[in-house]
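Summary of the model geometry
If you want the building blocks of each chain, they are given just below.
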Amino acid sequence: MTAEEAGPKTISGRSKEPPPDDVAAVLSALNTDATLYQPRARSERTRIAYARDWETWTAFHDWLAGHTGTRLADSDITVGTYLAFVTYLDRIVTLAPNTIERRMIREENRSP
């Protein structure tokens with residue numbers, strides 16, 4: 001079997017080929033539904049708290065870049081970044097333990 005007969009190549013389960021129109025339509029509809037649902041999914045106070053959590057997460061990455069000379073992507077979540085974030089929250093930002101716990105749970109849920 002040749003490469004052409006095997007179909008499009010994939011990387012991590014994703015095709016290099018653009019999705020067919022019907023797939024693109026389904027994905028677009030799901031994105032639209034999610035965009036409409038998201039504002040109703042959480043209370044205003046929760047959304048504000050999550051936005052502050054995200055700002056703290058990106059500030060951590062800025063702080064880490066200042067100390068390492070390398071800016072990691074905000075989506076880089078490893079055991080090391082997780083522990084460094086806890087240390088940052090505890091020693092640099094000096095947040096209350098329950099706030100740290102909430103933020104850690106939030107970031108855990110973002111990890112792939």
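Coordinates for the structure precede this section.
Below is a short write-up of the structure. In this text the structure is predicted, and so the values were computed from the model without any measurement. (Residues numbered from 1 in each chain as written. Predicted model: local features only at pLDDT ≥ 70, side-chain atom pairs only at ≥ 80, totals over all residues. Heavy atoms only, no water.)

1. A few points about the overall build of the protein
Threshold: Only DSSP runs of H or I reaching four residues or more are called helices, and only runs of E reaching two or more are called strands; each is numbered from the N terminus. Partly exposed residues are those whose accessible area sits between 20% and 50% of the maximum for their type, while under 20% is buried and over 50% is exposed, using a 1.4 Å probe and protein chains only. By definition in these notes, contact holds between two residues if any of their heavy atoms fall within 4.5 Å. Areas reported as accessible are Shrake-Rupley estimates using a 1.4 Å probe. Residue values count occlusion only from the protein chains shown.
A tally of helices and strands in the protein yields five helices and two strands. When the helices and strands of the protein are listed from N to C terminus, the series reads α-β-β-α-α-α-α. Going through the 112 residues of the protein one by one, you find that 16% of them count as buried. Pairs at least 24 apart in sequence give 43% of the contacts found in the protein among residues at least 6 apart. Accessible surface computed for the protein: about 8,500 Å², of which carbon and sulfur atoms make up 55%.

2. Structural notes on the pattern of salt bridges
Proximity of charged atoms lets side chains of opposite charge pair with each other. Convention followed: A carboxyl oxygen of Asp or Glu within 4 Å of a side-chain nitrogen of Lys or Arg is what we treat as a salt bridge.
Under the defined criterion, the tally for this structure stands at three salt bridges. One salt bridge in this structure joins arginine 71 and aspartate 62, with 3.0 Å as the shortest N-O distance. On the accessibility criterion, aspartate 62 (46% relative accessible area) is partly exposed. Residue classification places arginine 71 among the partly exposed residues on the basis of a relative accessible area of 39%. Residues joined by salt bridges that share partners form a network here, namely Asp62, Arg71 and Asp74.

3. Quick look at the packing of aromatic side chains
Convention followed: Two aromatic rings, drawn from Phe, Tyr or Trp (for Trp, its six-membered ring), form a pair once their centres lie within 6.5 Å of each other, and the interplanar angle then sorts them: stacked below 30 degrees, edge-to-face above 60, tilted otherwise.
Under the criterion given, the structure shown has seven aromatic pairs. Summarising the aromatic geometry, the rings of tryptophan 57 and phenylalanine 85 are spaced 4.7 Å apart at their centres and angled 85° between planes, so their arrangement reads as edge-to-face. You can see tryptophan 57 sitting in helix α3 (residues 44-68) and its partner phenylalanine 85 sitting in helix α4 (residues 79-92), a full 28 residues away along the chain. Taken together through their ring pairs, the aromatic side chains of Trp57, Phe60, Trp63, Phe85 and Tyr88 make up a single cluster.

These figures come from the coordinates and say nothing about function on their own.
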